[in-house]
Amino acid sequence: MPEISLFYGIRITMNWNEHNPPHFHVEYAEYRATVLIQEGIIDRGYIPNKQLKLILAWNEIHKDELMQNWELSKQHQSMNSINPLM
């Protein structure tokens, strides 16, 4: 899966041929989760609370860019990198 952002040891990826609803994948240490972009919630998996707060803040800041990447992935086009949380 293409990596679209990396910050504080949190890796954000988005797959090319994904199912709806729009979402991205998160990896942190041994933890994995799927986050729904529009709702800003975990759909599957688990991420520790401290990192989850960072991920959800990042999602809110970059929601438009995430949705743009979702549309690009549906068209099998290259996705854009998204700035990390600073």
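See the structure above.
Caption draft 1: Geometry of the sheet that holds strand 2 (residues 10-13). Strand order across the open sheet formed by five strands is 1-2-3-4-5, with antiparallel pairing between neighbours. Each end of this open sheet is capped by a strand with a single partner; those strands are strand 1 (3-7) and strand 5 (41-45). Within the sheet, the average angular offset between the axes of one strand and its neighbour, ignoring direction, is 25°. Here strand 2 pairs with strand 3 (residues 23-28) via four bridges, running antiparallel.

Caption draft 2: Region of interest: helix 1 (residues 49-61). Under the 1.5 Å per step criterion, the end-to-end length of helix 1 is 18 Å for 13 residues, consistent within 8% with the ideal 18 Å. Every buried residue of helix 1 is accounted for by Gln-51, Leu-52, Ile-55, Trp-58 and Asn-59. End-on view of helix 1: buried residues confined to an arc of 125°, all on one side of the axis. Opposite its buried face, helix 1 presents the exposed residues Lys-50, Lys-53, Glu-60 and Ile-61, each directed more than 90 degrees away. On its buried face, helix 1 is in contact with strand 1, strand 2, strand 3, strand 4 (31-36), strand 5 and helix 2 (63-74).

What counts, and where the lines are drawn
Residues numbered from 1 in each chain as written. Predicted model: local features only at pLDDT ≥ 70, side-chain atom pairs only at ≥ 80, totals over all residues. Heavy atoms only, no water. Pairing = 2+ DSSP bridges. Helix = DSSP H or I, 4+ residues; strand = E, 2+ residues; numbered from the N terminus. Axes fitted to C-alpha atoms, helices over the stretch in contact; angles between N-to-C directions. Expected span 1.5 Å × (residues − 1). Buried < 20%, exposed > 50% of the residue type's maximum accessible area, 1.4 Å probe, protein only. Arc of directions from axis to C-beta. Contact = heavy atoms within 4.5 Å.

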